[in-house]
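Structure at a glance
Below are the chains, spelled out letter by letter.
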Amino acid sequence: MILRHDVTQLEPLLDKIPAVAGRVGRPRRRPGALLADRGYDHDKYRRLLWQRGIRPVIARRGEPHGTGLGIFRYVVERTIAWLHGSRRLRIRWERRDDIHEAFLGLAVCLITHRHVRHLC
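The shown structure was predicted, so the numbers you read here are calculated from the model rather than taken from an experiment.

Attention now goes to the overall build of the protein. Helix and strand content of the protein: 5 helices and 2 strands. Relative to its 120 residues, the protein shows a buried fraction of 20%. Look at the contacts in the protein between residues 6 or more apart in sequence, and 32% of them connect residues 24 or more apart. Here the protein has roughly 10,100 Å² of accessible surface; of this, 58% comes from carbon and sulfur atoms.

As a further point, take the pattern of salt bridges. Tallied over the entire structure, the rule returns 5 salt bridges. In this structure, Asp-15 engages Arg-52 in a salt bridge whose closest nitrogen and oxygen atoms are separated by 2.7 Å. Highlighted residues: Asp-15 in helix H1 (residues 10-15) and Arg-52 in the loop between helix H2 (43-51) and strand S2 (55-58), separated in sequence by 37 residues. With a shortest N-O distance of 2.9 Å, Asp-41 and Arg-46 are connected by a salt bridge. The pair Asp-41 / Arg-46 is uniform in exposure class, with both members buried. One connected set of salt bridges, linked through shared partners, spans Glu-11, Asp-15 and Arg-52.

This next bit is on the side chain of Arg-46. Structurally, Arg-46 can be placed in helix H2. The contacts of Arg-46, once residues within four sequence positions are left out, are Asp-41, Pro-56, Ile-58, Ala-59 and Arg-60.

Attention now goes to the environment of Leu-10. Turning to its location among the elements, Leu-10 is positioned in helix H1. The class for Leu-10 is buried, based on a relative accessible area of 6%. Filtering out sequence-adjacent residues up to four positions away, Leu-10 remains in contact with Leu-34, Tyr-40, Tyr-45 and Leu-48.

Accessibility expressed as a relative area gives 16% for Arg-52, which makes it buried. Those residues in contact with Arg-52 that sit more than four places away from it in its chain are Glu-11, Leu-14, Asp-15 and Arg-30.

Bringing the nonpolar core into the picture now. Judged by nonpolar contacts, Val-7, Leu-10, Leu-14, Ile-17, Leu-34, Ala-36, Tyr-40, Tyr-45, Leu-48, Leu-49, Ile-54 and Ile-58 together constitute the single largest core of 12 residues. The set of elements that each furnish at least two residues to this core consists of H1, strand S1 (33-36) and H2. Per-element tally for this core: the top contributor is H2, with 3 residues. With residues up to four places along the chain from it excluded, the contact list for Tyr-45 reads Val-7, Leu-10 and Tyr-40.

The end-to-end C-alpha separation of helix H5 (residues 97-119) is 33 Å, in line with the 33 Å expected for 23 residues at 1.5 Å each. Restricting attention to buried positions, one finds in H5 the residues His-100, Ala-107 and Ile-111.

Time to look at the confidence of the model for the protein. Across the protein, the average pLDDT comes to 80, with 88% of residues at 70 or higher. Of all the helices and strands in the protein, helix H3 (residues 69-84) carries the lowest mean pLDDT, 74, while H2 carries the highest, 90.

Let us look at the pairing of S2. Burial along S2 is one-sided: Pro-56 and Ile-58 are buried, and none of Arg-55 and Val-57, which face the opposite way, are. Taken together, the 4 bridges between S1 and S2 define a ladder with parallel strand orientation. Paired with Ala-36 across the strands is Ile-58, a residue of S2. Between the parallel pair S1 and S2, the chain is carried across by H2, and the sense of this crossover is right-handed.

Reading guide: rules and limits
- Residues numbered from 1 in each chain as written.
- Predicted model: local features only at pLDDT ≥ 70, side-chain atom pairs only at ≥ 80, totals over all residues.
- Heavy atoms only, no water.
- Helix = DSSP H or I, 4+ residues; strand = E, 2+ residues; numbered from the N terminus.
- Buried < 20%, exposed > 50% of the residue type's maximum accessible area, 1.4 Å probe, protein only.
- Contact = heavy atoms within 4.5 Å.
- Areas by Shrake-Rupley, 256 points an atom, 1.4 Å probe, with all protein chains shown as cover.
- Salt bridge = Lys/Arg side-chain N within 4 Å of Asp/Glu carboxyl O.
- Core = buried A, V, L, I, M, F, W, Y, C linked by side-chain atoms within 4.5 Å.
- Expected span 1.5 Å × (residues − 1).
- pLDDT = per-residue confidence, 0-100.
- Pairing = 2+ DSSP bridges.
- Right-handed = clockwise from strand over helix to strand, strands pointing away.

Have a look at this one:
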């Protein structure tokens, strides 16, 4: 396993974004904005996003917390925390990808079931 810093994978990630569903007509190839934390605060990455037509919403270093990005990022981090609540997903014991993906799908079904149960 090769470990890499997240920032080094920004450009390959942007290249692999699938078409974004939305309004009727030709689907968008890129999202309208990208939310990121202070680790991505560099002019190089902001220019890279602007060149691709993506508005960077990146927290600036040295400024106090409370920029408002946490409202949106909280949803993602909360969901990952719920997935880690499943013991088999917290530490990956399975060597086979298909078994791990099956447990991931089962955990997502259980999380969704809990949410739907509260709506009814």
